[in-house]
Amino acid sequence: MLKQNGTVFRPPVLTLVGIPGLESVQFWIGIPFCTMYILALFGNSLLLVVIKAERSLHEPMYIFLAMLGATDIVLSTSILPKMLGIFWFHLEKIYFDACLLQMWVIHTYQCIESGILLAMALDRYVAICDPLRHAIIFTHQLLIKIGVGVTLRAGILTVPCLILIKCRLKFFQTTVVSHSYCEHMAVVKLAAEDVHINKIYGLFVAFSILGLDIICITLSYIRIFITVFNLPQKEARLKAFNTCIAHIVVFLEFYALGFFSFFTHRLKVHIPSYIHILLSTLYLLVPPLLNPIIYGVKTKQIRDGVYKIFFPKGDS
């Protein structure tokens, strides 16, 4: 590792500090984080098992939910093991290439989750606004294409973030990442060179994927609510609205935390770094924890499937 004029030339190893300002209590912070991670793994794994086992759940809404559960497992696993290593065992070092890989996995699966949420919104839109054509439109072939499409879109658009860091940035003013995981801007800010292209491309990816998705989701639900409120029977309105509540809660928790983390990292907002890092970490932990709970509570078919797994001889 060569040094020149106070800068480091392509450091092979970086140091993740965890949560700056809270180093003395990081051990204790790791306990609730670990608990949330274990519950998220259990809940999403159980969700996948239930959906696979119950043939009645092999429908678009539940298949999208299974995709969401698998994505949440990968997303939370991409940060928690390393983070707990920092908090509990002082394993702050991470290879530069491993840091870039973690960064790519995190941001790719964030974008995949956004795409799945958009697909779920469109599924609800067709199911409520054009129910007679739902089975014709949302075939298994279309579900496969959607899964492949959102994955390729996310993976391809986030790869240049790695290339721009790896190929453009040669000198770094420090090797200490003031974060608990390798977030794009946290790594870019280490550079001692012009990073405007990196920042601009990061904004492009965020707005072309997350921004476009949330606009489409919002428009879908505006149209859904118009249709629901125009239904003649009160019972039909309540049933249709009830099927959307779980989706709306999931959308709000994902995008509200996500955009807060995104903008506080890029705008000069006077928020202590430890608060930003805690919230950005919760952004990757809370949705995986709450999603199976929200859908499990709101969806009778999933509750029945869970009951059959734990009480196979009981009446469902």
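The name an unreviewed UniProt entry assigns to the protein is Olfactory receptor, from the organism Otolemur garnettii. Note on the protein: under the UniProt heading Function (unreviewed entry), the record states "Odorant receptor." UniProt annotates the protein under Sequence similarities (unreviewed entry) with the comment "Belongs to the G-protein coupled receptor 1 family."

Things to note about the overall build of the protein
Broken down by element type, the protein carries eleven helices and six strands. Here the C-alpha radius of gyration of the protein, 22 Å, is about what a compact globule of 316 residues would show, namely 20 Å. Along the three orthogonal principal directions, the C-alpha set of the protein runs to about 75 × 40 × 35 Å. Taken over 316 residues, the protein has a buried fraction of 48%. In the protein, 79% of the contacts between residues at least 6 apart in sequence involve partners at least 24 apart.

As for the state of the cysteines
Counted under the stated rule, the structure contains one disulfide. At a sulfur-sulfur separation of 2.0 Å, the disulfide partner of Cys99 is Cys182. Looking along the S-S bond of the Cys99-Cys182 disulfide, the torsion reads about -120°, which is the left-handed sense. Of this pair, Cys99 sits in helix 4 (residues 96-129) while Cys182 sits in the loop between strand 6 (176-177) and helix 7 (184-188), and the two are 83 residues apart along the sequence.

Focus on helix 6 (residues 140-168)
End to end, helix 6 covers 43 Å across 29 residues, agreeing with the expected 42 Å (1.5 Å per residue, within 8%). Residues of helix 6 that are buried: Leu143, Ile146, Gly147, Val150, Ala154, Gly155, Thr158, Cys161, Leu162, Leu164 and Ile165. Next to the buried residues of helix 6 lie helix 2 (60-77), helix 4, helix 7 and helix 8 (196-229).

Examining the environment of Leu203
You can see Leu203 is positioned in helix 8. The class for Leu203 is partly exposed, based on a relative accessible area of 34%.

Quick word on the sheet that holds strand 4 (residues 93-95)
Spatially, 4-3-6 is the arrangement adopted by the three strands of the open sheet, whose pairing is mixed. Strand pairing shows two members of the sheet lacking a second neighbour, strand 4 and strand 6, which therefore form its edges. As judged from the three bridges shared by strand 3 (residues 13-16) and strand 4, these two strands associate in the antiparallel manner. Bridge assignment links Thr15 to a residue of strand 4, and that residue is Lys93. Along the sheet, helix 4 makes contact with strand 3 and strand 4, crossing strand 4 at roughly 85°.

Rules of the game
Residues numbered from 1 in each chain as written. Predicted model: local features only at pLDDT ≥ 70, side-chain atom pairs only at ≥ 80, totals over all residues. Heavy atoms only, no water. UniProt positions renumbered as here; feature names shortened; annotations may be inferred. Helix = DSSP H or I, 4+ residues; strand = E, 2+ residues; numbered from the N terminus. Rg over C-alpha atoms; globule rule 2.2 N^0.38 Å. Buried < 20%, exposed > 50% of the residue type's maximum accessible area, 1.4 Å probe, protein only. Contact = heavy atoms within 4.5 Å. Disulfide = S-S within 2.5 Å. Expected span 1.5 Å × (residues − 1). Pairing = 2+ DSSP bridges. Axes fitted to C-alpha atoms, helices over the stretch in contact; angles between N-to-C directions.

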